[in-house]
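# Residue-level structural notes
In case you want the letters, here they are:
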Amino acid sequence: MLNILIFAGLAEAAGASAVRLEIGLPATVADAKRAFAAAYPAAAERLASCFAAINQEYADDDAVIRPGDEVAFLPPVSGG
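Each residue is numbered by its place in its chain's sequence as written, counting from 1. Residue-level local features of this predicted model are given only where pLDDT is at least 70; pairs of side-chain atoms are given and counted only at 80 or more, and the full residue set underlies all totals for whole chains, interfaces and linings. Heavy atoms throughout the structure, all of them, feed into the side-chain values; hydrogens and water do not.

## Here's the deal with the sheet that holds strand β7 (residues 71–74)
Strand pairing in a sheet is mediated by backbone hydrogen bonds. Such pairs are either parallel or antiparallel. As a reminder, the rule being used: Any two strands are treated as partners once DSSP identifies two or more bridges connecting them. Secondary structure follows DSSP: runs of H or I at least 4 residues long count as helices, runs of E at least 2 residues long count as strands, and numbering of each begins at the N terminus. To obtain each axis, a line is fitted to C-alpha atoms, and for helices this fit is confined to the stretch in contact; angles are then taken between N-to-C directions over 0 to 180 degrees. Contact definition: two residues touch when any of their heavy atoms are within 4.5 Å.
What the 5 strands build is an open sheet, ordered β2-β1-β7-β4-β5; its pairing is mixed. In this open sheet, the two edge strands, each paired with only one partner strand, are β2 (18–21) and β5 (57–59). With direction set aside, neighbouring strand axes in the sheet form an average angle of 35 degrees. Inspection of the sheet shows strand β1 (residues 2–6) paired to β2 by 4 bridges, in the antiparallel sense. Within β2, the residue paired with isoleucine 4 across the bridge is valine 19. Most of the contacts of helix α2 (residues 29–39) go to β2, to which it runs at about 100 degrees, and overall it touches β1, β2, β4 (51–54), β5 and β7.

Structure below.
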């Protein structure tokens, strides 16, 4: 089981600020993104432009998620 924090438009599309996914750990960020897209197809399109973080540090798609890690998907933010 993996808990993922999600923010902004991605959270709106998924209808929650955090989700739980049935995924075996360890897994990669890419694995988590695939599982998220399958579970929340309405949010899948927005996921393509999102950043991932593991334990509050940006992580590439090949980064490994281990049990107990805090994972977040963050949409790009713009401001003025």
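## Notes on unusual backbone geometry
As a rule of thumb, non-glycine residues mostly have phi less than zero, and peptide bonds are mostly trans rather than cis. Condition: Working definition: with a 1.4 Å probe on protein chains only, accessible area under 20% of the residue-type maximum means buried, over 50% means exposed, and in between means partly exposed.
The amide bond that connects leucine 25 to the next residue, proline 26, takes the cis arrangement and shows omega of 5 degrees. You can see proline 26 is positioned in the loop between β2 and β3 (27–28). In this model, glutamine 56 sits at a positive phi of 65 degrees, which is unusual for a non-glycine residue. Its place among the elements puts glutamine 56 in the loop between β4 and β5. The class for glutamine 56 is exposed, based on a relative accessible area of 69%.

In short, geometric facts, not functional conclusions.
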